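Next come the chains, spelled out residue by residue.
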Amino acid sequence: MMIWWLKALLVLIGVEHLGIAALEMRGTPARQASVFGMPLEFVKQPHAQIALANQGVYNLMLGAAMLASAFTIAGAAFVTVALILLVFLLVVGVYGGVTVTRKIFLVQVLPAVIGLALVLIALMA
């Protein structure tokens, strides 16, 4: 039963990361600066746009991996994959929350912690 909730959470987090990727890769500099709390003049620079797009690829692949695992993997294998993806999200979220903006704690770390709690519950069931 808890695996269903874990799959639902992974789908939500996956969709969220596809949205983040779209913003990083295709968003306007004004929107990127606003969302990520960076100066607009910095975000307009070509190197900043390349760095944001590169980060977008990571978020795109993380979102895709979460969605793919939720729809193609079952049982204990799914719980293992979910654990790996959520630990990855927790680590990068903590780093981003410390170095970029504290909003990342809410957007990435909190869902990862909730997901990890669901993994523990699934493992104990």
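Calculation rules
Residues numbered from 1 in each chain as written. Predicted model: local features only at pLDDT ≥ 70, side-chain atom pairs only at ≥ 80, totals over all residues. Heavy atoms only, no water. Helix = DSSP H or I, 4+ residues; strand = E, 2+ residues; numbered from the N terminus. Buried < 20%, exposed > 50% of the residue type's maximum accessible area, 1.4 Å probe, protein only. Contact = heavy atoms within 4.5 Å. Areas by Shrake-Rupley, 256 points an atom, 1.4 Å probe, with all protein chains shown as cover. Axes fitted to C-alpha atoms, helices over the stretch in contact; angles between N-to-C directions. Parallel < 35°, antiparallel > 145°, perpendicular 65-115°, else oblique. Left-handed = near helix turned anticlockwise from the far one by under 90°. Nonpolar A, V, L, I, M, F, W, Y, C, P; charged D, E, K, R; others polar. 1 Å grid on protein atoms, 1.4 Å probe; cavity = no way out; pocket = protein on both sides within 12 Å on 5 of 7 lines; lining within 4 Å. Points joined across faces, edges and corners; volume = space filled by probe spheres on them. Salt bridge = Lys/Arg side-chain N within 4 Å of Asp/Glu carboxyl O. Lys, Arg positive; Asp, Glu negative; His and termini not counted. Polar contact = N/O pair within 3.5 Å; in protein donor to acceptor, adjacent residues only side chain to side chain.

When you look at the overall build of the chain in this model, what are you seeing that I'm missing?
Across its full length, the chain carries six helices and zero strands. Counting from the amino terminus, the chain carries its helices and strands in the arrangement α-α-α-α-α-α. By its C-alpha atoms, the chain is 50 × 25 × 15 Å across when sized along the principal axes. Counting across all 125 residues of the chain, residues that qualify as buried make up 36%. Sequence-distant contacts, at least 24 apart, represent 65% of the contacts inside the chain between residues at least 6 apart. When the accessible area of the chain is evaluated, it comes to approximately 7,400 Å², of which 76% is carbon and sulfur surface.

Looking at this structure, how should I read the packing of helix α5 (residues 75-99) against helix α6 (residues 103-124)?
The geometry of a pair of packed helices is captured by two quantities: the angle between their axes and the separation between those axes. At a minimum axis separation of 8 Å, α5 and α6 run at an interaxial angle of 150°. Taken together, α5 and α6 sit at an angle that is classed as roughly antiparallel. Between α5 and α6 the crossing geometry is left-handed. Its residues assigned to classes, the contact of α5 with α6 shows 20 nonpolar, five polar and no charged.

Just to check I follow, could you spell out the layout of surface pockets for this structure?
If a probe the size of a water molecule is rolled over the atoms, the empty space left behind becomes visible. Taken as a whole, the largest pocket holds about 780 Å³ of empty space. Glu24, Phe36, Gln55, Asn59 and Ile104 are, among the 28 residues lining the largest pocket, the residues nearest its centre. Contributions of two or more residues to the lining of the largest pocket are made by α1 (2-26), α2 (29-36), α4 (46-72), α5 and α6. Among the elements that take part in the lining of the largest pocket, α4 stands out by supplying seven residues, more than any other. Its residues assigned to classes, the lining of the largest pocket shows 18 nonpolar, eight polar and two charged.

For this particular structure, what's the right way to read the pattern of salt bridges?
Close approach of charged atoms allows side chains of opposite charge to pair. Applying the stated criterion across every chain yields a total of one salt bridge. Notably, a salt bridge pairs glutamate 41 with lysine 44, separated by 3.9 Å at the nearest N-O pair. You can call glutamate 41 exposed: its relative accessible area is 56%.

Even after reading the chapter, I still don't get the side chain of glutamate 24, so can you show me in this structure?
On the secondary structure map, glutamate 24 appears in helix α1. Of the buried charged residues, glutamate 24 lacks a salt bridge, with lysine 103 as the closest side chain of opposite charge at 12 Å. At a separation of 3.2 Å, a polar atom in the side chain of glutamate 24 contacts the main-chain amide nitrogen of glycine 56. Within polar-contact distance, the side chain of glutamate 24 engages the side chain of asparagine 59 at 2.9 Å. Sequence-distant contacts of glutamate 24, that is, excluding residues within four places in its chain, are made with Gln32, Phe36, Leu52, Ala53, Gln55, Gly56 and Asn59.

Such coordinate-based values are descriptive only and should not be taken to indicate function.
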